[in-house]
Amino acid sequence: MKKIKIQNRNLYLVLGILIIVLTFFSSINSNNFQDLNIENEPSPKSSAIHQIVGNSELAAAAATMGGGSGTLNDPYVLYYDPINASLNECGLLIQNTTKFAILNNTEIFGADLGMGYNITNLNLSSVENFKINNCSFHHSELDGIFMENVSNIIISNSNCSYNGRMEESWITGEGSGISITNSDFINISNSHFSTNFFSGIELKNVNNSIFTGNNMTENKAMSEMSTGTGLYASESNYITVFDNNLSSNWMRGIYGKNIENSSFESNFISNNGLSYSYDFDGAPHAIFMKDSVFLDLKNNNVSKNLDDGIALENSNHSIIRENIVIDNDNSGIFNDDCLNLSIFENEIILNNVGIRCRYAVDTNIFNNTITNSSSSGISVSFTDLINIYENIIEYCDQGFDMQWCDYANISLNLLNYCGGLNDWKSSFYLSSADNNIFTWNIVNNTDGYDFYISNSELNSIYGNFLYNISYDANQDLNNWNFTDYGNYWNNYSVYYPGAIATNGIYDTPYDRIYNGTSSFGNASDYLPLTFDYWQEIYDEALNPSPSLILQTPVLQALESTDSDGNITLNWDSIENATGYNIYSSSTFITNIDRLSIFDTAPNFSYNISGLSNGTYFYVVTAYNNSVESNASNCVWTEVRILPQNFTPLTPIIDPINATDDDGNFLLSWFAVEGAVNYSIYYSSTNPQSSGKMTNKNTPISSVEGMNLLDTVETTYYNVTGLSNGTYYFVIVANNASGSSEPSDIISVTVQIPPEEEPNPFFTPIIVLGGFIGTALGAVASNFIPSDKIVEFLKETRDKLGKKTKSDVKSDRKGDVNKEADGDLQKSEEPITLEETVPISTQINWQRVVTILDKLWNYLPKNLRDMLLNVVDKYLKFRDEAELIILNSFYSLSLGYLTSFSLYRTGDTNKCISTLDEISQEAHKAEFENLSEEAKITKEEFISPIEEINKEKEDLK
């Protein structure tokens, strides 16, 4: 297609708006987008297996395709016609390469040779510095992609779906969208992994890797056996799973086994566990972490899953925080046999049990809001040394359930409108629970017993606000008062109208505690409180006097690694403290009850020297003659003392855009072993050498042909203020023993465009157009009244209506190459709205571009003004649109912005191609389902979602 010369800058505006209009048509008529047609395998163009072994074969293959020199800035480029791997074990095998290379725009499918266990469409073995972009791997009998012993691999904008098979036993399925083993530095983003038998992404011994912006959905055995997980990870360390959609998988959204030092943040995990069946590892929990340590599960949205929302089994020293956990069939959060777990600031709504703990030790549960649990708000069994405080538990059939538990501290919780589960319906239920403390809790509006105590002894219950009657069948073996006071009983004056209070304590014991046999009297509160006195001492418990208050110290974070065995702990000074206790451990510290004091410090700094290789954890407390504060945050460092004269490894620079339009950009690189700092060198001319150092064994001051820009201790550097031209950069790592070999050279060409007079309408369209095209089209049928849509489209049709009926029929036949001249003839009779709606939801973007080019000079000013009003429609519904974007469509929106940029620069062919890809991707995102989910979520739980939106906007 010939390049279109754009006569008027406002044409860009019309392109963005017409995309919105066509997206309206699509969502109104079918609520769907064109499928990728991936279920039906295309006719093959190649049936031979391709094999590349070593850098020389890689260079030879690239020479016949996209060329390149194998460097970071100029990688080898590979691409293939569709490869049918049927009757082969592998479609494309690449082994033993280290040069930088990229595989673009390639489809491989159908690998199915025998029943072997290396069946895959793409196999990367012992490969470094490889990127896969915009590729598709599907219908393999085992894995879409298999990678082993690889490093520095990037996968983006690709699709791995419909892979796998049933095992010979027909008990479970096997085969993943991508399977990665014994590898590190993997980055997978904005890709789709769907309908694979075992999992979307499978990791085994994968370290230092990031997975973000991916869709891992509907993974399951096609015979509906009990397999199918969005992300499966085992024996892996330092992985980050951020902002992914892991929904509608047959078993689980995320399953981690033997994972360490990893984070799972801001993921959307919904409708997993499509059948209540077990596999060899247990029930279909939405997020399931087993035998793992040092995990951080934060800010995830976990809803409508068949079993538990978040479950940790035998996973220690981990944090579950700030998650929204809604409407899961079993527990919202399940702590099973974990040590040192902290669960805090979660919103837990409409689950069977809010938080459940079993066989747990040293658990802290605080500042959670738990509402509308059909069973218990918090359920604890076979658990010791648990602290549960400052939680809100409301509208649960049973507020708090404790069985076979000892030495727990339950304080400062609010239980409101709880009770009604069974005959012993209660706010607090205790069975076989001894030596626990319940203090400063408020029990209000109980539908049943405030406390129901059975077979439990030596529990202390004091300082509480109690609303209704309580039950204690243990013959006064529990203490219903402390040394100086008991509880406030809301019904005390009903039963003891003549009682006299002295100093806030009534003279008549409260003995209306029911024992189930002889009515009342076997258990009593001997120091019942008046309300005024209870409120006074309750306020003191919440806000102790300054002499008894010691704030918790905050330790400054240590460097993650230390190279000499000498560290310094620093923290803020604490008012009223006379000294500080330091505690140390070889594991993460959340409780100091069983730790000995490592040392004391008179002020707020402490030096530690002589440490050997290993990992060390520290907390501090403040103390005075009366009290000791809570333990500080836990900090740690790994001591790695390197051999003498060890020089750093060579840094690897992250990829960067080859061009820049303002002279400001970010250089970043991987941290390397042994580095104390990094030197950035630059040149405005291409150096003759690859940056060979002038002096190897001492800190260097120059690199041949280059100048020292700066030396920093970070792994990034902001370059600013460059003028037009091409610049070359290398990074060198330094320590006291010397410097590394320089990294590969990376170049950036700065092209700052001349300033133009701004167009008041063009800029907002470019900025907002992507969001409008994606989000507003997705939610239109849910958030905008249909009569308004019809009225708007009719008005638009009348003003744009220059087609005849025959032209419309011709369009429906798919004649995409037809010249548009005939389409500009006026029709003798009006064309109805129905006739303007395409029979297919696949938008013909090439026709849009062609017609726009011819229509522009025919458009009256009032039409252009009218189109601008569409932007106002977007602004009116912006909150709902952004909600959808934040859930699923951010990458699609970026795609629209890319297409506009391509059109602006005159590259209409790429513009058309990009828009077609976006249209296809939109179907996979299942707009209609996510729109409805978002609508429900926004209406019912607006506050937590607004917080998420704010954090997401900050991230963007």
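Quick notes on the rules
- Residues numbered from 1 in each chain as written.
- Predicted model: local features only at pLDDT ≥ 70, side-chain atom pairs only at ≥ 80, totals over all residues.
- Heavy atoms only, no water.
- Helix = DSSP H or I, 4+ residues; strand = E, 2+ residues; numbered from the N terminus.
- Buried < 20%, exposed > 50% of the residue type's maximum accessible area, 1.4 Å probe, protein only.
- Areas by Shrake-Rupley, 256 points an atom, 1.4 Å probe, with all protein chains shown as cover.
- Polar contact = N/O pair within 3.5 Å; in protein donor to acceptor, adjacent residues only side chain to side chain.
- Contact = heavy atoms within 4.5 Å.
- Pairing = 2+ DSSP bridges.
- Salt bridge = Lys/Arg side-chain N within 4 Å of Asp/Glu carboxyl O.
- Core = buried A, V, L, I, M, F, W, Y, C linked by side-chain atoms within 4.5 Å.
- Phe/Tyr/Trp six-rings, centres within 6.5 Å; stacked < 30°, edge-to-face > 60°.
- Lys NZ or Arg CZ within 6 Å of the ring centre and 35° of its normal.
- Arc of directions from axis to C-beta.

Caption draft 1: Representation of the overall build of the protein chain within the structure. Within the protein chain, the regular secondary structure consists of 14 helices and 65 strands. Considering the protein chain as a whole, with its 956 residues, one finds that 52% of them fall into the buried category. Accessible surface for the protein chain amounts to roughly 41,000 Å². Of this, 47% is attributable to carbon and sulfur atoms.

Caption draft 2: Region of the structure containing the side chain of Ser 739. By secondary structure assignment, the location of Ser 739 is in strand S64 (residues 738-739). Of the polar contacts made by the side chain of Ser 739, one reaches the side chain of Asn 734; its length is 2.7 Å.

Caption draft 3: Examining the side chain of Ser 411 more closely. Structurally, the position occupied by Ser 411 is in strand S37 (residues 409-411). Every residue in contact with Ser 411, bar those within four places of it in the chain, is listed here: Ile 388, Tyr 389, Glu 390, Thr 439 and Asn 441.

Caption draft 4: Molecular detail of the environment of Leu 72. Examined against the element boundaries, Leu 72 turns out to sit in the loop between helix H2 (54-63) and strand S2 (76-78). Linking Leu 72 and Ile 652, residues 580 residues apart in sequence, is a C-alpha distance of 9.0 Å. When neighbours within four sequence positions are excluded, Leu 72 is seen to be in contact with Phe 100, Ile 653, Asp 654, Pro 655, Asp 744 and Ile 746.

Caption draft 5: Representation of the sheet that holds strand S54 (residues 597-601) in the model. Within the open sheet, the five strands sit side by side as S51-S57-S56-S53-S54. Their pairing is mixed. The strands lining the two open edges of the sheet, one partner per strand, are strand S51 (561-562) and S54. Relative to strand S56 (residues 614-623), strand S53 (residues 579-585) runs antiparallel, the two being bridged by seven bridges. Note that in S56 the partner of Tyr 580 across the bridge is Ala 622.

Caption draft 6: Up close: unusual backbone geometry. Unlike most non-glycine residues, Thr 195 shows phi in positive territory, near 55°. Tracing the backbone through its elements, the reader meets Thr 195 in the loop between strand S15 (192-194) and strand S16 (199-212). Residue Thr 195 is classed as buried on the basis of its relative accessible area of 10%. If you check the backbone angles, Asn 314 has positive phi at about 50° while not being a glycine. According to the relative accessible area criterion, Asn 314 is partly exposed, its value standing at 33%.

Caption draft 7: Up close: the pattern of salt bridges. What the rule picks out here adds up to five salt bridges. In this structure, the salt-bridge partner of Arg 356 is Asp 308, at a minimum N-O distance of 3.9 Å. With Arg 356 in strand S30 (residues 353-358) and Asp 308 in the loop between strand S23 (301-303) and strand S24 (310-313), this pair connects stretches of sequence that are 48 residues apart. The two residues Arg 356 and Asp 308 agree in class, both being buried.

Caption draft 8: Examining the nonpolar core more closely. With 95 residues, the main nonpolar core has Leu 78, Phe 130 and Phe 400 as its most contacted residues. In terms of residue count, strand S7 (residues 120-133) provides more of this core than any other element does, five residues in total. Those residues in contact with Phe 130, other than ones at most four positions away along the chain, are Leu 78, Ile 94, Ala 101, Leu 103, Leu 124, Asn 152, Ile 153 and Ile 154. If you look at the next biggest cluster of nonpolar residues, it comprises 20 residues, including Trp 669, Val 719, Tyr 727 and Ala 733.

Caption draft 9: Local environment of the packing of aromatic side chains. All told, the structure shown has 46 aromatic pairs when counted by the stated rule. Pairing Phe 428 with Phe 438 gives two aromatic rings, centres 5.5 Å apart and planes at 75°, and the pair type is edge-to-face. With a gap of 10 residues between them, Phe 428 in strand S39 (residues 426-431) and Phe 438 in strand S40 (residues 437-439) connect regions that are remote in the sequence. Judged by relative accessible area, Phe 438 falls into the buried class, the value being 0%. Taken together, the aromatic side chains of Phe 400, Phe 428, Phe 438, Phe 451, Trp 480, Trp 489, Tyr 492, Tyr 496, Tyr 506 and Tyr 510 make up a single cluster linked through ring pairs. Over the face of the ring belonging to Tyr 255 we find Arg 252, whose NZ or CZ atom lies 4.7 Å from the ring centre. Here the guanidinium or amino end of Arg 356 rests over the ring plane of Phe 334, the centre of that ring lying 3.7 Å away.

Caption draft 10: Broad picture of the pairing of strand S42 (residues 449-454). Across the six residues of S42, six count as buried, placing the element largely inside the fold. Relative to strand S45 (residues 471-472), S42 runs parallel, the two being bridged by two bridges. Bridging across to S45, Ile 453 finds its partner in Asp 472.

Caption draft 11: Geometry of H2. Buried within H2 we find Gly 54, Leu 58, Ala 61 and Ala 62. Projected down its long axis, H2 shows its buried positions confined to an angular sector of 115°, all on one face. What points out from H2, more than 90 degrees from its buried face, is the exposed set Ser 56 and Ala 63. Looking at the buried residues of H2, the elements they touch are strand S1 (50-53), S2, strand S4 (90-97) and strand S5 (101-104).

Caption draft 12: Representation of the pairing of strand S27 (residues 331-336) in the model. Most of S27 sits out of view: six of its six residues are buried. Pairing geometry for S24 and S27, over four bridges, is parallel. Its bridge partner being in S27, Glu 313 is matched across the sheet by Asp 336. Sheet topology note: the S27/S30 ladder contains five bridges and is parallel. Note that in S30 the partner of Asp 336 across the bridge is Arg 358.

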